[in-house]
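Structure at a glance
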Amino acid sequence: MQRHTRRIYNLCYRFTSNRHEAEDMTQEVFLRVYRTLRSYQAIHGGFTTWLTSVTRNLLIDHYRRTKHDRSTDSLDDEERGLTEQIPSHSRTPDQMAMAGQLGEQVQRALGKLSPDLREAVILRDLQGLEYREIQDVLQVPEGTVKSRINRGRIELARLLEQMGVRPE
Amino acid sequence: MTWTCEQIEERLSDYTDRLLAPDERETFAAHLAGCRRCDALAQRVISLTAALHALEPLEPPATLARAILDQTTGGEKQEAAGWQKVLRWLWPTPQPRFAMGMLTVAMFLMVLTPTLGIRWSEFQWSDLKPANIYQSLDRGANLMYARGVKFVNELRVVYEIQNMLQPATESQREAAPDSKSDDKKQDDQPGNKTNRARESQPMMLAMLTIGLPGRNN
């Protein structure tokens with residue numbers, strides 16, 4: 001439960017760039033999963049893939065619903081002051097600060113990507129899904145998945161370069 | 001075989017994720033070695049991918065898991081439908097506290113209803129019609145009002161009689177010790193207070209029996 005909660009919360013936060021929305025979305029995902037658990041069939045992929053599909057569908061619905069209420073190129077003022085809460089069992093304060101800063105900058109750059117590219121990069125590089133799993137989640141051909149991940153990474157790298165961020 | 005910069009850009013993720021065939025990888029590396037632009041882009045994407053993979057997940061708020069559990073396992077009750085709703089609504093009824101409360105209400109009604117003029121032995125289903133209920137309540141209210149008025153009027157009469165009798169008895173007590181011998185004289189005198197009271201007693205008794213003029217019965 002805790003593991004899935006963390007994964008879904010991270011997916012929602014990386015997509016929405018807003019902690020409160022991420023919390024609400026995570027709750028909504030689990031409520032939806034709880035209601036539609038009977039419709040889950042193992043032959044359609046693993047539980048994680050199914051859970052991610054439900055999350056992704058809700059995120060897209062939420063994105064379309066709130067499209068007019070926000071601009072994709074800015075984060076909420078509230079979020080600007082926040083730094084990444086990264087667990088730091090074996091990191092020095094400097095490393096933590098740098099990682100937190102990088103995470104925040106990556107998040108800002110992710111927010112500027114189009115939803116298609118953003119979700120592909122998040123699923124591949126932040127959620128660690130395989131191409132096949134991403135294909136199941138997004139319901140698009142493998143070539144499209146590869147193309148979106150590739151374009152998303154290049155676009156993200158360019159955005160970070162424009163922001164003066166150079167990941168080591 | 002050589003690749004163009006566009007082809008390199010298209011296959012950049014395959015190169016990063018090590019999905020290229022060995023010969024493709026060689027061709028790719030050869031292009032990077034001779035193209036500074038593509039090499040710089042590839043380095044940036046490789047660094048970015050490594051940084052993204054190294055980015056540790058955020059910890060959700062501690063209250064989130066509890067909120068989810070409340071919404072899901074707690075939400076089952078909200079989703080109940082049909083007869084389950086009725087059962088849930090009735091679930092407190094078998095409890096002793098509820099039974100005691102109902103018993104108290106029943107006893108209260110048993111005491112109250114005869115006062116309102118309701119007789120359960122004469123109960124008919126037609127009495128439950130709104131018009132009949134209204135009529136019954138209206139009649140009950142009028143009766144209560146009339147009884148109240150009658151009671152107040154009777155109290156007033158009793159008070160008036162007491163007022164009229166009291167002076168006579170007080171004067172009798174005052175006169176009793178020293179005027180026993182004068183009783184006859186006083187009795188004979190017309191207009192005496194005691195005599196007036198004595199004379200008025202039969203009249204008051206008659207008024208009480210037949211009712212005062214202008215009194216509501």
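Residues numbered from 1 in each chain as written. Chains lettered and ligands numbered in written order. Predicted model: local features only at pLDDT ≥ 70, side-chain atom pairs only at ≥ 80, totals over all residues.

1. Structural notes on the overall build of chain B
Operational definition: Helix numbers and strand numbers start at the N terminus; a helix is a DSSP run of H or I with at least 4 residues, a strand a run of E with at least 2. For every residue, the other C-beta atoms within 10 Å of its own C-beta are counted; 20 or more classify it as buried, 12 or fewer as exposed, and values in between as partly exposed. C-beta atoms are placed from the backbone. For the purpose of contact definition, each residue receives a C-beta atom placed from its backbone, and two residues are in contact when these atoms lie within 7 Å.
Across its full length, chain B holds eleven helices and zero strands. Sequence-ordered secondary structure for chain B, helices as α and strands as β, is α-α-α-α-α-α-α-α-α-α-α. Looking at chain B as a whole, 8% of its 217 residues are labelled buried. Pairs at least 24 apart in sequence give 60% of the contacts found in chain B among residues at least 6 apart.

2. Some words on the overall build of chain A
Helix and strand content of chain A: eight helices and zero strands. Mapped in sequence order, the helices and strands of chain A form the string α-α-α-α-α-α-α-α. Per-residue burial over chain A gives 36% buried out of 168 residues. Look at the contacts in chain A between residues 6 or more apart in sequence, and 65% of them connect residues 24 or more apart.

3. Digging into the interface of chain A and chain B
Note the following rule: When residues are grouped by polarity, Ala, Val, Leu, Ile, Met, Phe, Trp, Tyr, Cys and Pro land in nonpolar, Asp, Glu, Lys and Arg in charged, and all others, Gly among them, in polar.
Contact with chain A, which involves 33 residues of that partner, is made by 27 residues of chain B. Looking at the side of chain A that touches chain B, the elements with two or more residues in it are α1 (2-16), α2 (19-35), α5 (93-112), α6 (115-126) and α8 (142-162) of chain A. Examining the composition of the side of chain A that touches chain B, we find that nine residues originate from one element, α8 of chain A, more than from any other. Residue classes in the side of chain A that touches chain B are distributed as 17 nonpolar, eight polar and eight charged.

4. Describing unusual backbone geometry
In this structure, S17 of chain A takes a positive phi of about 65 degrees despite not being glycine. With respect to the secondary-structure elements, S17 of chain A resides in the loop between α1 and α2. Look at S17 of chain A and you get buried, because 22 C-beta atoms sit within 10 Å. Non-glycine residue R18 of chain B carries a positive phi angle of around 55 degrees.

5. Overview of the packing of helix α7 (residues 131-138) of chain A against α8 of chain A
Residues and elements named next belong to chain A. To keep things clear, this is the line we draw: Under this scheme, a helix contributes an axis fitted over its contacting stretch, all axes are lines through C-alpha atoms, and angles between N-to-C directions fall in the 0 to 180 degree range. Roughly parallel refers to an angle under 35 degrees, roughly antiparallel to one over 145, roughly perpendicular to one between 65 and 115, and oblique to any angle outside these ranges.
Two elements in contact, α7 and α8, have axes separated by 9 Å at closest approach and are oriented at 105 degrees. It follows that α7 is roughly perpendicular to α8 by the angle criterion. Of the residues in α8, those in contact with Y131, I134, Q135 and L138 of α7 are E142, V145 and K146.

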